[in-house]
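# Examination of the molecular architecture
What follows is each chain in one-letter form.
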Amino acid sequence: MITDHLSVLIIAVGLLGAFFTPIIGLIRKEMCSLWASFIILLQFLISIFLLYQVIIAGNISYWLGGWEPPWGIEYAVDLLNAFVLVIVAGICFSVSIYGRKSLGFEVPDKELPLYTLYILLTTGMLGIVVTGDIFNLYVFLEIGSLAAYALIAMGGRHSLTASFNYMIMGTVSASFILLGIGYLYVMTGTLNMADISALLPSLYGRPVILVAIALLVVGLSIKTALFPLHTWLPDAYTHAPSAVSAVLSGTFTKVGIYALIRVMFTVISPSYVIETVPVMSILSWVAAIGILAGSLLAIAQYDIKRMLAYSSVSQIGYIFLGIGMANKLAMTGGILHILSHSLMKVGLFMVAGAIIYRTGIRNIYQLKGMGKKMPYTMAAFVIGALSMIGIPPTIGFASKFYLAWGALGAGEWVFVVVILLSSLLTAVYFWRIFENAFFGVHEDIKKDEAPISMLLPILAFAVITVLLGLLASLPIGIIEQWVTGVLP
Amino acid sequence: MVLDIIFAKYNYIIYITLMTIGFYGMIGKRNLIKKLIGMSIFQYSIFLFYVSAADVSGGTAPILLKEPAVYVNPLPHVLILTAIVVAVSTLAVGLSLVIRIYKEFGTLDEDKIIELSR
Amino acid sequence: METVTSFGPGLAVLVSLIGAAMILIFGRYPNIRESISIIAGIIKFGIVASMIPAVMDGKIIELKLWEVLPNLPIMFRVDAFGLLFGLIASFLWIFTTFYSIGYMRTLKEHAQTRFFFCFAMALSSAIGIAFSANLFTLFIFYEILTVSTYPLVIHIETRDAMSAGRKYLLYLLTAGIFLLFSIIAVYHYTGTTDFAPGGILAGKGIPVNMLYLLFITFMIGSAKAAFMPLHSWLPSAMIAPTPVSALLHAVAVVKVGVFTATRIILYIFGIDLMKETGLALAMAYFVAFTIIVASLFALTHDNLKKRLAYSTISQLSYVILGVVMLTPAGITGGMLHILNHAFMKITLFFCAGAIIVASGKEKISEMNGIARQMPLTMIAFTLGAIGMAGTPPMAGFISKWYMLIGSVEIEQIPLLFVLLVSTLLNVAYFAPIIINAFFKEPDKELSYKEAPLFMLIPLILTGIISLVLGIWPDEPLAIVRIAVQSLTGGT
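In this text, all values refer to a predicted model and were calculated from it rather than measured experimentally.

The figure often quoted for interface size is the accessible area lost as the parts come together. With 36 residues of chain B at the interface, the matching set in chain A holds 29 residues. Contact between chain B and chain A buries roughly 2900 Å² in total, counting both sides, with carbon and sulfur atoms accounting for 77%. Linking chain B to chain A there are 1 salt bridge. Two residues, A:Arg157 and B:Glu104, come together in a salt bridge whose shortest N-O distance is 3.8 Å. In this structure, the connection of chain B to chain A is made through 2 residue pairs in polar contact (both at pLDDT 80 or more). Only helix 2 (10-28), helix 3 (32-54), helix 4 (75-105) and helix 5 (110-116) of chain B provide two or more residues apiece to the side of chain B that touches chain A.

Rendered as structure tokens:
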């Protein structure tokens, strides 16, 4: 049955698709973007099916080449994987549709490498999520990262240095991760995640495990741009092509967070990282500082994409805070925020891209009259921004509710204050845009909306933000089930 | 006592030294090519660590062993082959970036590039 | 008490949401757009009014929609208190729509589609708040209300308006955050956010300090009620067009604040807990301070709308004062004052707007002899003003009378004095306006006439209704009695 092979198919489709992109591009250049959308649509459908299967039938384990783990590579899909898979594939798919016009405008005549890399990026991210082998995770991380460096570098003059810096940081992080994996391997003699987690408990006394954890945490924190290791992110997101910024902000950092959750809570047991060594509480304090710092830095920006980038730093802090508090509620909130931040931030970056596409404006103080010029786009922006602030009924509210509840339940008053205070700061930097875009221009401005292929994904994200906000119990149900299985 | 440890674990000392050198190269040097060199040293030191950690003295490759013998687990070496491929690709991306940067800015000095891109 | 399920409350909220969407769609055609506003208003009032018989029978109408978060559903429940507020808001929406059509057209305001759209959204949320069955639902609409009224406040889009808007947001979003915190805390401790007549916090083993903290955060959270240290957004928001000030800042928004505070005091904390912890008395003196000081502030303002704003701040605190007396008479007075103040204050604001439209004057000192040109307007104004002061037979007298009884019942004579002194202050700041308008000679020949009929008729009607409510208060009193009965068990 082909359905048994779905978890490897999602990767195989991507790799094959990436391989054939240049060939298709040689025949007809315009076909590349359609091809990429098609491939990623396949992956998206598979991921939905995987999620469905996991919910219905429980965890999926696939042995590559029929080799039994721990000798062979295992692709293990549980609720968390499947959940993140759907997010990643869904976002990559929508942005690929959006990118047809946007990338065509910002990166003209480079369809071949562009879409090959785009599919590779998607596949790399999906691979990180789907694999059950920790070294395989590293490889996919590097596939994704390399594609990301190259994609960012396509944004023109400034993006080159941004990409270079990102590459240096990214390589350091990848090397740390590799080293951490190496230590775990040296201690346990296996690379299979389930196997490592079974063998580790007897070794918890050893300092080597601590070193491994430290290396992995630092490495993954760089990849996910946790404050103060975020320095690569603002430049990269600002100068990358808008569609690429959208994808990276929505998925790449999230995949890094997924990897961290996977390593900390399933490979290493939660009780060790929570009680024996206070890794998680350190992370949560760093995250709390990051939330405030990111928001404050975002307020200081006037380039819309840079502002969104700093806002990402802050929002990533939320996710880390939720995970770091490591109680059921906060963790649910944190993982839910992966979903909500992806939806909101991708939508917002796409809006920024649409504005750049139509007018070339990046400075938020020049957005005067944009509400009349591009009403639908800006309406989507308002919804995304309100969700970032945490106004109900949006998905951003649901995750903030759970985060604050978790913090309150754990008696972490400082975090409660941080979570709630940061909403205000978020309101400050988004409201500047509202004021400029919607008010103060009385004369009639001709409507000049973004093209439909860009508008449609933007509106879809806005609608989903609200719909999921109203139906937040659905994702929460999935997440809660996973969290309950993991946390004691 | 200290010397004993140093001699017994000299391979680890070497790789840590290399790693530090590489790290310094990446952060301390202002020339982009030197940064890339540092990056490579950094990565390769980790490969060294893997390979030397997996080695068993007197071990042989586990190919068609007739009788029980001390053998070296081949998996780390295989992994490092993969990692080397990754490292080479990273270097390739890095170098091509450097070429583009040089064409765009006419220099490889980071400070000057920052000044130019203002 | 009997509970019936009905789509009524959901429909009541939905009507104006659909109305808002249609307003957007037909934004280019002013006549269609404004007919939609009126029709939606009438339908909405019809739906709300259709629930009166059931509630008067002592039934409670419920509608549980879906669960937004696990165990936290969007749920509507129409009890007597909610119905009272829903009736006020939806009834006055009709008047205000007529009035704003007149106002906006006469002044040829810009962005009218946005104006009517946001208006409809705000009304939806006000009704949503009136009918919400739990804090969670209430919070959702509370925040929507904040966001949807922002464009109305800064409607004229000048620099002053923008900074007033920022202040408005700062206060109300902060309030929202405090409210959210309190809701999460309540949910954390009790596992529910449902309103229940006896309160839900009692007997849950919550530390007393936590209760105090919760009460404070809740009250900061209902900053829409403009208690004294958190009041300053309201006078600033007076920069909005007058229909907005009239409906939103005399009825919908501020009343939502008071309504929320009342819900929290009576249905979350509960009468017993409020008494035990001593919070009720503390709150009573706190709002008493607001009553007096806001009245004093009102005296100092020459701008008519600002003066009305401070008067609103003072009057809102009456409601809370009545409620925290926790006796049947006090609560009756407080709840009834929501209704009475709404009609009186909207009349006053309508008059202020009519004066602006007809003469362009906003300052009281410039209004000498204005009654000669606009007699009907000023008569309506006088009706509202003497009602504010609590003079029989106006509506304001009834509610104030109940509050006076309440203050005697709880043996807090200082509160009695507060109520009396504040009456004097009310007279002090309204009398000059009326005297100026009727008896002083105009500085120069006045050339303007009454405001257009679209504005004049609503203000006359609301003026008359506030008189009628004073003479025949039985119907609203009956509704309030049902609410009070369910709370106190007695009569």
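A few words on the packing of helix 16 (residues 375-388) of chain C against helix 18 (residues 413-439) of chain C. Residue and element names in this part refer to chain C. Where helix 16 contacts helix 18, the two axes come as close as 10 Å, and the packing angle between them is 165 degrees. As far as their axial angle goes, helix 18 and helix 16 are roughly antiparallel. Where helix 16 crosses over helix 18, the two elements pack in a sense that is left-handed. Residues Met378, Ile379, Phe381, Thr382, Ala385 and Met388 of helix 16 form the contact with helix 18, whose own contacting residues are Asn426, Phe430, Ile433, Ile434, Ala437 and Phe438.

This part is about the sheet that holds strand 3 (residues 72-78) of chain C. Residue and element names in this part refer to chain C. Strand order in the open sheet formed by 3 strands is 1-2-3, with mixed pairing between adjacent strands. Edge positions in the open sheet fall to strand 1 (3-5) and strand 3, since each of these has one partner strand only. When strand polarity is set aside, the average angle formed by the axes of neighbouring strands in this sheet is 35 degrees. Here strand 2 (residues 60-69) pairs with strand 3 via 6 bridges, running antiparallel. Paired with leucine 63 across the strands is phenylalanine 76, a residue of strand 3.

Our focus in this paragraph is the side chain of A:Asp303. All names here are of chain A. Structurally, aspartate 303 can be placed in the loop between helix 12 (279-299) and helix 13 (304-325). Side-chain polar atoms of aspartate 303 contact the backbone nitrogen of lysine 305, separated by 2.9 Å. For aspartate 303, the contacting residues outside a window of four places in its chain are Thr238 and Arg362.

Right, let's talk about the side chain of A:Ser312 for a bit. Relative to the assigned elements, A:Ser312 resides in helix 13. If sequence neighbours within four positions are ignored, A:Ser312 has contacts with A:Leu233, A:Tyr237, A:Ser249, A:His341 and A:Lys345.

Applying the stated criterion to the full structure yields 12 salt bridges over all chains. Residue C:Glu62 pairs with C:Arg77 through a salt bridge whose shortest N-O separation is 2.8 Å. Of the two residues, C:Glu62 is situated in strand 2 and C:Arg77 in strand 3; the sequence distance between them amounts to 15 residues. Grouping residues by exposure puts C:Glu62 and C:Arg77 together as buried. The residue C:Arg263 makes a salt bridge to C:Asp79 at a minimum N-O spacing of 3.0 Å. With C:Arg263 in helix 10 (residues 242-269) and C:Asp79 in the loop between strand 3 and helix 4 (80-107), this residue pair connects regions lying 184 residues apart in the sequence. Like C:Arg263, the residue C:Asp79 is buried in the burial classification. Through salt bridges with shared partners, a single ionic network connects B:Arg30, B:Lys35, B:Glu110 and B:Asp111.

Between chain A and chain C, the contact holds 32 residues from the first and 34 residues from the second. Where chain A abuts chain C, roughly 3000 Å² becomes buried across the two surfaces, and 79% of that area is made up of carbon and sulfur atoms. Interface area lost by chain A to chain C is led by A:Phe401, A:Trp431 and A:Phe439, which between them contribute 21%. Across the contact surface, chain A and chain C share 1 salt bridge. A salt bridge links C:Arg166 to A:Glu435; the shortest N-O distance between them is 2.7 Å. Counting every contact that joins chain A to chain C gives 7 residue pairs in polar contact (both at pLDDT 80 or more). Only helix 17 (395-409), helix 18 (413-438), helix 19 (452-470) and helix 20 (473-486) of chain A provide two or more residues apiece to the side of chain A that touches chain C.

The subject of this paragraph is the UniProt feature "domain: NADH:quinone oxidoreductase/Mrp antiporter transmembrane" (unreviewed entry) in chain A. The positions that UniProt labels "domain: NADH:quinone oxidoreductase/Mrp antiporter transmembrane" (unreviewed entry) are, in the present scheme, residues 133-426 of chain A. Split by type, residues 133-426 of chain A is 82% helix and 0% strand. Its first and last C-alpha atoms lie 38 Å apart.

What follows covers the UniProt feature "transmembrane region" (unreviewed entry) in chain B. All names here are of chain B. Here the UniProt feature "transmembrane region" (unreviewed entry) sits at residues 12-29, 41-65 and 77-102. The span residues 12-29 is 94% helical and 0% strand by assignment, and the distance between its end C-alpha atoms comes to 25 Å. Along residues 77-102 the backbone is 100% helical and 0% strand, and the end-to-end C-alpha distance reaches 36 Å.

All names here are of chain A. Across its 19 residues, helix 5 (residues 134-152) extends 27 Å between first and last C-alpha, which sits within 8% of the 27 Å expected from 1.5 Å per residue. When you tally the buried positions in helix 5, you get 17 out of 19 residues, the bulk of the element. The opening residue of helix 5, the one whose side-chain oxygen lies 3.0 Å from the backbone nitrogen of phenylalanine 135, is aspartate 133.

With 7 of 7 residues buried, strand 3 of chain C is to be regarded as a mostly interior element. Residue alternation in strand 3 of chain C divides its side chains into two sets, C:Leu72, C:Ile74, C:Phe76 and C:Val78 and C:Pro73, C:Met75 and C:Arg77, and both sets are buried.

A separate point is unusual backbone geometry. Residue and element names in this part refer to chain A. Backbone torsion omega between phenylalanine 227 and proline 228 reads 0 degrees, so that peptide bond is classified as cis. Structurally, proline 228 can be placed in the loop between helix 8 (207-224) and helix 9 (232-239). Geometrically, the link from proline 392 to proline 393 is a cis peptide bond, its omega value of -5 degrees lying close to zero. For alanine 225, which is not glycine, the phi torsion reads 60 degrees and is therefore positive. With respect to the element layout, alanine 225 can be found in the loop between helix 8 and helix 9.

So, on to helix 9 of chain A. All names here are of chain A. For helix 9, the buried fraction is high: 6 of the 8 residues fall into the buried class. Those residues of helix 9 that sit buried are Trp232, Leu233, Pro234, Ala236, Tyr237 and Thr238. Those residues of helix 9 that are buried lie in contact with helix 5, helix 6 (157-188), helix 8, helix 10 (242-267), helix 13 and helix 14 (328-359).

Under the criterion given, the structure shown has 51 aromatic pairs over all chains. Taken together, a centroid distance of 6.3 Å and an interplanar angle of 65 degrees make the contact between A:Phe401 and A:Trp405 edge-to-face. With a gap of 4 residues between them, A:Phe401 and A:Trp405 both fall in helix 17, about one helical turn apart. In this structure, A:Phe401 and A:Trp405 share a single accessibility class: buried. Aromatic side chains C:Phe81 and C:Tyr267 sit 6.4 Å apart centroid to centroid with 5 degrees between the ring planes, which places their arrangement in the stacked category. With C:Phe81 in helix 4 and C:Tyr267 in helix 10, this residue pair connects regions lying 186 residues apart in the sequence. Assigned by exposure class, C:Phe81 and C:Tyr267 land together as buried. Through a chain of ring-to-ring contacts, the aromatic side chains of A:Phe397, A:Phe401, A:Tyr402, A:Trp405, C:Phe136, C:Phe139 and C:Tyr187 assemble into a single cluster. Sitting over the ring of C:Tyr142, C:Lys224 keeps its end group 3.5 Å from the ring centre.

So, how was this worked out
- Chains are numbered independently. Their residues run from 1 in the order of the written sequence.
- Both sets of labels track the order of writing: A upward for chains, 1 upward for ligands.
- Only residues with pLDDT of 70 or above have their local features reported here, since the model is predicted, and side-chain atom pairs are shown and tallied only from 80 upward, although totals for entire chains, interfaces and linings are computed over all residues.
- Remark: hydrogens and water are excluded; side-chain values derive from all non-hydrogen atoms of the structure.
- A contact between two residues is defined here by any heavy atoms of the two lying within 4.5 Å.
- As a working definition, buried area equals the accessible area (1.4 Å probe) given up by two parts on being put together, with both sides summed.
- Salt-bridge detection follows one rule: a side-chain nitrogen of Lys or Arg within 4 Å of a carboxyl oxygen of Asp or Glu.
- Polar contact is the term for a pair of N or O atoms within 3.5 Å; when the atoms are in protein, one must be able to donate a hydrogen and the other to accept it, and sequence-neighboring residues count only if both atoms are side-chain atoms.
- Starting at the N terminus, helices and strands are each numbered in turn, a helix being any DSSP run of H or I of at least four residues and a strand any DSSP run of E of at least two.
- Whenever a helix is involved, its axis is fitted only over the stretch in contact; in every case the axis is a line through C-alpha atoms, and angles between N-to-C directions fall within 0 to 180 degrees.
- Angular relationships are summarised with four words: roughly parallel below 35 degrees, roughly antiparallel beyond 145, roughly perpendicular across 65 to 115, and oblique for the angles in between.
- Left-handed describes a crossing whose near helix is turned anticlockwise from the far helix through less than a right angle; right-handed describes the clockwise counterpart.
- When DSSP finds at least two bridges between two strands, those strands are taken to pair.
- Accessible area is worked out with a 1.4 Å probe on protein chains only. A residue is then buried under 20% of its type maximum, exposed over 50%, and partly exposed in between.
- UniProt positions are given in the numbering used here, feature names are shortened, and annotations may be inferred rather than shown by experiment.
- Helix span, as expected, comes to 1.5 Å for every residue beyond the first.
- Any two of the Phe, Tyr and Trp rings considered here, Trp counted by its six-membered ring, make a pair once their centres fall within 6.5 Å; the pair's planes then place it as stacked at under 30 degrees, edge-to-face at over 60, or tilted in between.
- Any Lys NZ or Arg CZ found within 6 Å of a ring centre and within 35 degrees of that ring's normal is scored as a charge over the ring.

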